[in-house]
Amino acid sequence: MPRLSPPTLLALALASLCALPAQAQTDKPFLAADVEAASYDGGELPPGRSALTTKVQVLLDRSGISPGVIDGFKGGMSQSALMAFERRSGLPIDGVMDPHVWNLLQSFAAQPATQDYTITAEDAEGLVDAIPTDYAEKAKMPAMAHTSVAERLGERFHMDEKFIAFLNPGTDLVPGATIKVINTGSRMRGTVARILVDVNTRRVAGFDANGKLLVDYPATIGSSATPSPSGDHHVAKVALNPNYTYDPKKNFQQGDNDKVLVVPPGPNAPVGTVWIGLSKPTYGIHGTPTPSQLFRNQSMGCVRLTNWDAEELAHMVRVNTTTVEFLPAGVTIADATGAAPAATAPAEPLETPAAAVPAAPAPEEPLDYTDPLAAKRAPAEAVYENTSEEDAESLAPPADPLSNALSGALPDSFVVPPAAGQP
């Protein structure tokens, strides 16, 4: 029997966690108060859904290491987030909770894990009954809006919409109702100079110009039939709330649709609420209408994040400056950054000095990009999502004489320094 490589074993482990049916997982009721009281006493996280796993997901999210949707389940996305946190902290990368990880996470526990929220009338406005699957039907709608208050609040508070009902049993999600939701803290800030896309662990990591990890997200990254691009590229454009242009000559064939269709913007649009276009034509990093399915879905070659993670990243990248590197199969972010830690760690809890604990995230910085569709305007350029590198090559824009003239003027590693006051 052939011996499997560590990245292959990791991928199989994550896939098995994601494939575990919900009914096979422990799902005992608990409330927000139980999340606040949850404490780690050693060993692995409980199976299924638990108050402790919920708290761990919240603390990971605040640290800049996204668990994807916060749902309380011990699953593949949460395990991948623990591994990313261990990678950043220089701990053994096994995705298993231990005293080292728990002690370091306490740096992000200054605020309660949950908070009260009173549903407003605006939260219930502008909803649609359903989102059709056919793109021709999508194109007829005024917006790819949320379908329920739960979905809208889930996106706002980084929660699975069903988890909102779980934490608030018997409460109708209507204007005036006060419910418990996740306290996500502030948006991460900083300038991402380098993005690494790891198909092995299904993570996307953003680093500053000094190589410091700023953010790390779970993602859907291509598929065997429609793989993501290879090699190095850069961010070419950023569009918030973009229209999505379906063109069967440039995209996949969807049903019987053989004409160009423009799908309106919204959180349930094919690319979610964000399009970070790459220098590779028709490829990008974008949001998704189904955040809970990131580790189950396959993309058409692009990189899907939750809408809230994509929005955070969009305000940290810099057009024509941020590089995007797609790591080859078998090469992980840990390999590419030399983050492989020691093989084992002491079993007893750590007494971590205050000075050794990572600093909490800085306050949220002002947004850098205005919404190009604030008045339902279409973006300057159509947003496509392609299926093959070969097709994308033929769509490359014509050469820019000025860019060609400047291409050799600066070293490949040159990064524009951040503006004064920008970390």
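The following refers to the structure shown. None of these values were measured; they are calculated from a predicted model. (Residues numbered from 1 in each chain as written. Predicted model: local features only at pLDDT ≥ 70, side-chain atom pairs only at ≥ 80, totals over all residues. Heavy atoms only, no water.)

## Notes on the pairing of strand β10 (residues 274–278)
Buried residues dominate β10, accounting for five of its five residues. Here β10 shows no split at all, with V274, I276 and L278 on one side and W275 and G277 on the other all buried. Here strand β7 (residues 231–240) pairs with β10 via five bridges, running antiparallel. When the sheet's bridge partners are listed, V238 is paired in β10 with I276. Of the strand pairs in this sheet, β10 and strand β11 (residues 284–286) are connected by three bridges, and their pairing is antiparallel. Looking at the pairing, I276 lines up with I285 of β11. In this structure, the hairpin formed by β10 and β11 is closed by a connection of five residues, where T282 is found at a positive phi of approximately 70°. (Buried < 20%, exposed > 50% of the residue type's maximum accessible area, 1.4 Å probe, protein only. Helix = DSSP H or I, 4+ residues; strand = E, 2+ residues; numbered from the N terminus. Pairing = 2+ DSSP bridges.)

## Things to note about the sheet that holds β7
With mixed pairing, nine strands are arranged side by side in an open sheet as β5-β4-β3-β13-β7-β10-β11-β12-β6. Here the strands that pair on one side only, and so sit at the sheet edges, are β5 (213–218) and β6 (220–221). Summarising the sheet, β11 and strand β12 (residues 303–304) pair through two bridges and their orientation is parallel. By the bridge assignment, I285 is partnered in β12 with V303. Running at roughly 160° to β5, helix α4 (residues 76–89) makes contact with β4 (203–207) and β5 of the sheet. (Contact = heavy atoms within 4.5 Å. Axes fitted to C-alpha atoms, helices over the stretch in contact; angles between N-to-C directions.)

## Some words on the pattern of salt bridges
All told, the structure shown has seven salt bridges when counted by the stated rule. Measuring nitrogen to oxygen at the nearest pair gives 3.0 Å for the salt bridge that ties K74 to E44. One end of the pair, K74, is in the loop between α3 (51–62) and α4; the other, E44, is in the loop between α2 (32–37) and α3, with 30 residues separating them in the sequence. Residue class for K74 comes out partly exposed when judged on its relative accessible area of 26%. A salt bridge links R156 to D123, with the shortest nitrogen-to-oxygen separation between them at 3.0 Å. Taken together, the positions of R156 in helix α7 (residues 149–156) and D123 in the loop between β1 (114–118) and α6 (135–140) put the pair 33 residues apart, joining distant regions of the chain. Look at R156 and you get partly exposed, because its relative accessible area is 37%. (Salt bridge = Lys/Arg side-chain N within 4 Å of Asp/Glu carboxyl O.)

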